[in-house]
Amino acid sequence: MANQTTVGLTAPAIAVPAGDFALSGAAPSGLALAPGRSADFYVQFSPTAAGARSGSLVIGHGAYALTGTGVEPPLPKPGLSISLSPQALSAQPGAVTVMLDATSRTSGAER
């Protein structure tokens, strides 16, 4: 937010209604801005579900649309281990183990 006038201005109220978007840190609402000065604020996107998400940024009496796309976290990478019996031709069963490189943060199937 920048004051590009020649007089001091007060920053209007800034809000992001509850949802997938939120203000990150303090907003400069009510801050006195001298001519040529600016103040930063940040909007954080934390989707609660996969797919198209929307919200709004309210500055003073104006509202601005916010959009984003939520994606599921990637599945962990699998590894495969095969252990055969000491005598490979003995008809003794072996073991197959599937290992993941990390704990899964989602459920699903990769194609």
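Above this note sits the structure.
Residues numbered from 1 in each chain as written. Predicted model: local features only at pLDDT ≥ 70, side-chain atom pairs only at ≥ 80, totals over all residues. Heavy atoms only, no water.

**Q** What should I look at first to understand the overall build of the protein chain in this one?
**A** Looking only at helices and strands, the protein chain features 0 helices and 9 strands. Walking the protein chain from its N terminus toward its C terminus, one meets helices and strands in the order β-β-β-β-β-β-β-β-β. Over its C-alpha atoms the protein chain spans a radius of gyration of 27 Å, topping by over 25% the 13 Å that the globule rule assigns to 111 residues. Taken along its principal axes, the extent of the C-alpha atoms in the protein chain is 90 × 25 × 20 Å. In the protein chain, buried positions account for 14% of the 111 residues. Considering only intrachain contacts with a sequence separation of at least 6, the fraction spanning at least 24 residues in the protein chain is 43%. Put simply, the protein chain shows about 8,200 Å² of open surface, and 57% of that area lies on carbon and sulfur atoms. The protein chain carries 5 positive and 5 negative side-chain charges, and their two centres are separated by 2 Å. (Helix = DSSP H or I, 4+ residues; strand = E, 2+ residues; numbered from the N terminus. Rg over C-alpha atoms; globule rule 2.2 N^0.38 Å. Buried < 20%, exposed > 50% of the residue type's maximum accessible area, 1.4 Å probe, protein only. Contact = heavy atoms within 4.5 Å. Areas by Shrake-Rupley, 256 points an atom, 1.4 Å probe, with all protein chains shown as cover. Lys, Arg positive; Asp, Glu negative; His and termini not counted. Charge placed at Lys NZ, Arg CZ, Asp CG, Glu CD.)

**Q** Looking at this structure, I do not really get the nonpolar core. What am I missing?
**A** The nonpolar side chains of a soluble globular protein tend to be buried, and buried together. Counting 5 residues, the largest nonpolar core is built from Ile-14, Val-16, Phe-21, Leu-57 and Leu-66. Phe-21 has contacts with Val-16, Val-43, Gln-44, Phe-45, Arg-53, Ser-54, Gly-55, Leu-66, Thr-67 and Gly-68, leaving out every residue within four places of it along the chain. (Core = buried A, V, L, I, M, F, W, Y, C linked by side-chain atoms within 4.5 Å.)

**Q** Explanation requested: the pairing of strand β6 (residues 51-59) in the structure shown.
**A** Here strand β2 (residues 14-15) pairs with β6 via 2 bridges, running antiparallel. Paired with Ile-14 across the two strands is Ile-59, which belongs to β6. The antiparallel pairing of β6 with strand β7 (residues 62-70) creates a hairpin that spans 2 residues between the two strands, and Gly-60 there sits at a positive phi of about 60°. (Pairing = 2+ DSSP bridges.)

**Q** When you look at the side chain of Asp-20 in this model, what are you seeing that I'm missing?
**A** Locating Asp-20 in the fold gives a position in the loop between β2 and β3 (21-24). Of note is the side chain of Asp-20, whose polar atom sits 2.8 Å from the side chain of Thr-48. (Polar contact = N/O pair within 3.5 Å; in protein donor to acceptor, adjacent residues only side chain to side chain.)

**Q** How should I be thinking about the pattern of salt bridges in this particular structure?
**A** Taken as a whole, this structure holds 1 salt bridge when the rule is applied. With its nearest N and O atoms 2.6 Å apart, the salt bridge here joins Asp-20 to Arg-53. Here Asp-20, found in the loop between β2 and β3, pairs with Arg-53, found in strand β6; they are 33 residues apart in sequence, far enough to count as distant. By relative accessible area, Asp-20 is classed as buried at 6%. Note on Arg-53: relative accessible area 23%, which makes it partly exposed. (Salt bridge = Lys/Arg side-chain N within 4 Å of Asp/Glu carboxyl O.)

**Q** What is the right way to look at the side chain of Asn-3 in this model?
**A** Position of Asn-3 relative to the elements: it lies in the segment before β1 (9-10). Of the polar contacts made by the side chain of Asn-3, one reaches the side chain of Thr-5; its length is 2.6 Å. Excluding residues that lie within four positions of it along the chain, Asn-3 makes contacts with Gly-8, Leu-9, Leu-33, Ala-34, Pro-35, Gly-36 and Arg-37.

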